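# Residue-level structural notes
Chain residues, written in single-letter form:
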Amino acid sequence: MITKCLFPVAGYGTRFLPATKAMPKEMLPIVDKPLVQYGVEEAVEAGLCEIGFVTGRGKRAIEDHFDTNYELEHQIQGSGKEVLLDGIRGLINRSTFSYTRQTSMKGLGHAILTGRTVIGDYPFGVVLADDLCFGDGIGVLEQMVNLYQRFKCSIVAIEEVPASETHKYGVIAGDAIEDGLYDITDMVEKPAPEEAPSNLAIIGRYILTPDIFDILESTPPGRGGEVQITDALKTQAKNGRVLAYKFKGRRFDCGGISGFVDATNYYYNRFFACEADDKIVSIKNSAK
Ligand code: G1P
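Since the model is a prediction, treat every value here as computed from it, not as a measurement.

### As for the overall build of the protein chain
When helices and strands are tallied, the protein chain shows 10 helices and 13 strands. Relative to a compact globule of 288 residues, whose C-alpha radius of gyration would be 19 Å, the protein chain shows 19 Å and is just as compact. With respect to the principal axes defined by its C-alpha atoms, the protein chain has extents near 65 × 40 × 35 Å. The 288 residues of the protein chain split such that 49% are buried. Considering only intrachain contacts with a sequence separation of at least 6, the fraction spanning at least 24 residues in the protein chain is 76%. Counting every atom, the protein chain has about 13800 Å² of accessible surface; 50% of that belongs to carbon and sulfur. Where the 31 positive side-chain charges of the protein chain centre and where its 39 negative ones centre are 3 Å apart.

### A closer look at the pattern of salt bridges
A complete count under the given rule lists 19 salt bridges for this structure. The residue E160 makes a salt bridge to K246 at a minimum N-O spacing of 2.7 Å. Of this pair, E160 sits in strand β8 (residues 154-160) while K246 sits in strand β12 (residues 242-246), placing them 86 residues apart in sequence. For K246, a relative accessible area of 28% corresponds to the partly exposed category. Several salt bridges converge on common partners, so that one network encompasses E73, E82 and R89.

### Topic: the layout of surface pockets
In this model, the largest pocket occupies a volume close to 1100 Å³. Considering every element that reaches the lining of the largest pocket, the biggest residue donor is strand β11 (residues 200-208), with 4 residues. Looking at the lining of the largest pocket, its residues break down into 14 nonpolar, 11 polar and 13 charged. Size it by volume and the second largest pocket reaches roughly 570 Å³. Forming the walls of the second largest pocket are 26 residues, and the residues nearest its centre are K33, Y38, E41, E45 and Y267. Contributing elements (two or more residues each) for the lining of the second largest pocket: β3 (33-34), α1 (35-45), α4 (86-94), β7 (131-135) and α10 (257-287). Split by residue class, the lining of the second largest pocket holds 12 nonpolar, 6 polar and 8 charged.

### Concerning the site of the ligand
The immediate surroundings of the ligand are formed by 13 residues, with D131, G170, E189, K190 and I202 found nearest. For the ligand, an oxygen atom lies 2.9 Å from a polar atom in the backbone of G170. E189 has a polar side-chain atom sitting 2.6 Å from an oxygen atom of the ligand. Of all the cavities here, the one that holds the ligand is the largest pocket. In terms of residue count, β11 provides more of the shell around the ligand than any other element does, 4 residues in total.

### As for the pairing of β12
Across the 5 residues that make up β12, a large majority, 4, are buried. Bridging between β8 and β12 involves 5 bridges; their strand directions are parallel. The residue of β12 that forms the bridge with V156 is A244. Here 3 bridges tie strand β10 (residues 181-189) to β12, and the two strands are oriented antiparallel to one another. Residue pairing across strands places Y182 opposite A244, the latter belonging to β12.

### Notes on the packing of aromatic side chains
Under the counting rule described, the total for this entry stands at 16 aromatic pairs. With centroids separated by 6.5 Å and ring planes inclined at 15°, the aromatic side chains of F53 and F97 adopt a geometry described as stacked. Of this pair, F53 sits in strand β4 (residues 50-55) while F97 sits in strand β5 (residues 96-101), and the two are 44 residues apart along the sequence. Relative to F271, the ring of Y266 has its centre 6.4 Å away and its plane inclined at 70°; by these criteria the two rings are edge-to-face. Its end group placed over the ring of Y38, K33 keeps NZ or CZ at 4.6 Å from the ring centre.

What counts, and at which threshold
Residues numbered from 1 in each chain as written. Predicted model: local features only at pLDDT ≥ 70, side-chain atom pairs only at ≥ 80, totals over all residues. Heavy atoms only, no water. Helix = DSSP H or I, 4+ residues; strand = E, 2+ residues; numbered from the N terminus. Rg over C-alpha atoms; globule rule 2.2 N^0.38 Å. Buried < 20%, exposed > 50% of the residue type's maximum accessible area, 1.4 Å probe, protein only. Contact = heavy atoms within 4.5 Å. Areas by Shrake-Rupley, 256 points an atom, 1.4 Å probe, with all protein chains shown as cover. Lys, Arg positive; Asp, Glu negative; His and termini not counted. Charge placed at Lys NZ, Arg CZ, Asp CG, Glu CD. Salt bridge = Lys/Arg side-chain N within 4 Å of Asp/Glu carboxyl O. 1 Å grid on protein atoms, 1.4 Å probe; cavity = no way out; pocket = protein on both sides within 12 Å on 5 of 7 lines; lining within 4 Å. Points joined across faces, edges and corners; volume = space filled by probe spheres on them. Nonpolar A, V, L, I, M, F, W, Y, C, P; charged D, E, K, R; others polar. Near = heavy atom within 4 Å. Polar contact = N/O pair within 3.5 Å; in protein donor to acceptor, adjacent residues only side chain to side chain. Sits in = over half its atoms within 2 Å of the grid points. Pairing = 2+ DSSP bridges. Phe/Tyr/Trp six-rings, centres within 6.5 Å; stacked < 30°, edge-to-face > 60°. Lys NZ or Arg CZ within 6 Å of the ring centre and 35° of its normal.

Fair warning: the whole summary comes from geometry, so function is off the table for now.
Given below as structure tokens:
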């Protein structure tokens, strides 16, 4: 059983300045919910209700979001606006939230290692909240948890990217063991197109077995002088097995403007527009 999920949220979000100067990038809203809430919803739907954040300076708004706001809730009690808090209240009731701080930015591998204290010796999910994923019926993390039940090893989610974009991702090489599932043989962090072992890029969803922590401890800084989870996973793959899974659904890179706008349009048209009328009627009634 996997019950824990780690959210590394200490990053600065420089691609979104000045919006992220005083606000965590994970709190940017896609329509009516902050990015991080979508990630936590995906984790909780997959049964991962023990949520751990690797946080940092200036990220307090995330803690406040996953907590009660007594003044506000008292203020709107009994009005039609209460319905707007149903989703987040449900998440708070079903989950626990733990926080640890990354005091220096030394890469995603270092962030995950910092999370060891809230994860312990258990397999766990990792969600990078600025990769917003809409699963095909089943959430992406739940698809991966189902695979974990069968294979009991670390799994990374992948998608095909154009050669011109391999430099933004960890890229894998692997042997297909079934449709959309690969046994990883090599991984390179952010390769130039001519160095990329394939066009299969890792996106921000991982299932990791806890031996990754010891591996991370002895993983030297890699690309960009940072400790890379990709390098640690390559070691784990050599020692045993790591799978790459071509997930079913859509993913948007919301760490940049165009992905963020695409995600906003997609979510609004696909999920929100039909519900919006009901919500607006309820809010208007409450204002009367
Ligand atoms: C990180 C990882 C990279 C992965 C990406 C997915 O990079 O290092 O391997 O492909 O997340 O979003 P970052 O985007 O944090 O630079």
